[in-house]
Amino acid sequence: LEGIFAEPVLAGRRVLVTAGPTFEALDAVRGITNRSSGRQGWDIARAARDAGAEVTLVAGPTALRTPEGVRRIDVVSALEMHAAVMGELGQARAEGRPYELFFGVAAVADWRPADAFEGKWKKGASPEDPYRNVRWVQNPDILADVARSPFAPQAVVGFAAECASLEAYAREKLERKGARLIVANDVREAAGGTENRILIVSKDATQAFGPAPKRVVAEAVVKAAAAVLG
Ligand code: CTP
Ligand code: CA
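No experiment lies behind these values; they were computed from the predicted model shown.

A. Region of interest: the coordination of the calcium ion (ligand 2). Distances from the calcium ion (ligand 2) to its protein donors, Asp110 (OD) and Asp110 (OD), fall at 2.4 to 2.5 Å. Position of Asp110 relative to the elements: it lies in the loop between strand S6 (101-104) and strand S7 (111-113).

In structure tokens form, the structure reads like this:
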């Protein structure tokens, strides 16, 4: 019933969403991830669907069920998420039905272990043990690469979960990544609760929204993004 009352601000539009954490392998059984539940991305995907969009969700490992009517592509690592997103953009363009809107909601690992070991590390005890000497390499920035791709959707929206200086960090990310909007929230406020409060930062404005139920916040974000599309 959810979608029945929503305004069809994205009727017929194609929308690509990343959501959830990524998992970066250390060896065959271990890796590094983060606490993202995927819920915010799921809320955005549902709100876009309810606004009439055709939605593809590129999802890191989560325990959530696929929202009804949404196409889901499962990935594990940041590199896989990057490849899936770029592949979708290129394929949609080749089909003559490009994505018009991108929401980067995923909590993408900034770094990955330089060389994941195929087997399982043993406990060991020497200074040469892999546990003590993980080398890290930076992952590609999916949002920035989407915004600067020749296949870039008309509007690219990023998210920023911060612990301090919300607006300043959001504005810095807007410029550095080339996004049209950055949606910022305070992780300490947002974590766990059912309500959320956000700032929607664009080149020449900052708009505060909430506190409101997370689903309502997602609708507001989708409306702001639809307004950019015109
Ligand atoms: N993002 C991305 N790919 C990455 C890192 C981040 O697409 N490798 C996206 C996130 O999905 C989010 C936005 O960029 O939409 C902001 O992520 P964030 O981690 O806040 O930005 P960083 O540039 O990684 O800065 P930092 O972690 O230092 O705050
Ligand atoms: Ca980061």
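B. Spotlight on the sheet that holds strand S1 (residues 14-19). Pairing in this open sheet of eight strands is mixed, and the strands run S5-S4-S1-S6-S9-S10-S11-S12 from one edge to the other. With one partner strand each, in any of the chains shown, strand S5 (71-74) and strand S12 (205-213) form the two edges of the open sheet. Direction aside, neighbouring strands of the sheet carry axes that sit 20° apart on average. The pairing of S1 with S6 spans four bridges and is parallel.

C. Here's a closer look at the UniProt feature "binding site: CTP" (unreviewed entry) in the chain. The positions that UniProt labels "binding site: CTP" (unreviewed entry) are, in the present scheme, Asp110, Lys120, Pro140, Asp141, Ile142, Leu143, Phe159, Lys173 and Lys177. Of the residues just listed, which span 68 residues, the most distant C-alpha pair is 37.7 Å apart, and they do not cluster in one region. Lining the largest pocket, from the residues just named, are Asp110, Pro140, Asp141, Ile142, Leu143, Phe159, Lys173 and Lys177. Checked against the element boundaries, Lys120 lands in the loop between S7 and strand S8 (136-138). Of the residues examined, Lys120 reaches a relative accessible area of 47% and is grouped as partly exposed. If we skip the residues at most four places from it in the chain, Lys120 touches Asp27, Val29 and Arg30. Mapped onto the fold, Lys173 is located in helix H4 (residues 166-177). Overall, Lys173 belongs to the buried group, its relative accessible area being 18%. Apart from the residues within four sequence positions on either side, Lys173 is in contact with Ala160, Glu162, Gly178 and Ile182.

D. Layout of the site of ligand 1. Not every one of the 13 residues close to ligand 1 is listed here, only the nearest: Gly104, Ala106, Leu143, Phe159 and Lys173. Residue Asp110 places a side-chain N or O atom 3.0 Å away from an oxygen atom belonging to ligand 1. Within the side chain of Lys173, a nitrogen or oxygen atom sits 2.7 Å from an oxygen atom of ligand 1. Here ligand 1 loses 77% of its free accessible area of 570 Å² to cover by the protein chains. Considering every element that reaches the shell around ligand 1, the biggest residue donor is H4, with three residues. Of the residues assigned to the shell around ligand 1, the class counts are six nonpolar, two polar and five charged.

E. Inspection of the layout of surface pockets at higher detail. Size it by volume and the largest pocket reaches roughly 1,300 Å³. Considering the residues around the largest pocket, the lining is formed by 49 residues, among which Val105, Ala106, Ala107, Phe159 and Ala161 are closest to the centre. Across the lining of the largest pocket, the residue classes break down as 24 nonpolar, 15 polar and ten charged.

F. Molecular detail of the pairing of strand S10 (residues 181-186). In terms of burial, S10 is a largely internal element, six of the six residues being buried. Here S10 shows two buried faces, one formed by Leu181, Val183 and Asn185 and the other by Ile182, Ala184 and Asp186. Sheet topology note: the strand S9 (residues 155-162)/S10 ladder contains six bridges and is parallel. Of the residues in S10, the one forming a bridge with Val157 is Leu181. Where S10 meets strand S11 (residues 195-202), three bridges bridge the pair, whose relative direction is antiparallel. When the bridges of S11 are listed, Val183 appears paired with Ile200.

The rules behind these values
- Residues numbered from 1 in each chain as written.
- Chains lettered and ligands numbered in written order.
- Predicted model: local features only at pLDDT ≥ 70, side-chain atom pairs only at ≥ 80, totals over all residues.
- Heavy atoms only, no water.
- Donors = N, O, S within 2.8 Å, 3.2 Å for Na, K, Ca; no water.
- Helix = DSSP H or I, 4+ residues; strand = E, 2+ residues; numbered from the N terminus.
- Pairing = 2+ DSSP bridges.
- Axes fitted to C-alpha atoms, helices over the stretch in contact; angles between N-to-C directions.
- UniProt positions renumbered as here; feature names shortened; annotations may be inferred.
- 1 Å grid on protein atoms, 1.4 Å probe; cavity = no way out; pocket = protein on both sides within 12 Å on 5 of 7 lines; lining within 4 Å.
- Buried < 20%, exposed > 50% of the residue type's maximum accessible area, 1.4 Å probe, protein only.
- Contact = heavy atoms within 4.5 Å.
- Near = heavy atom within 4 Å.
- Polar contact = N/O pair within 3.5 Å; in protein donor to acceptor, adjacent residues only side chain to side chain.
- Areas by Shrake-Rupley, 256 points an atom, 1.4 Å probe, with all protein chains shown as cover.
- Nonpolar A, V, L, I, M, F, W, Y, C, P; charged D, E, K, R; others polar.
- Points joined across faces, edges and corners; volume = space filled by probe spheres on them.

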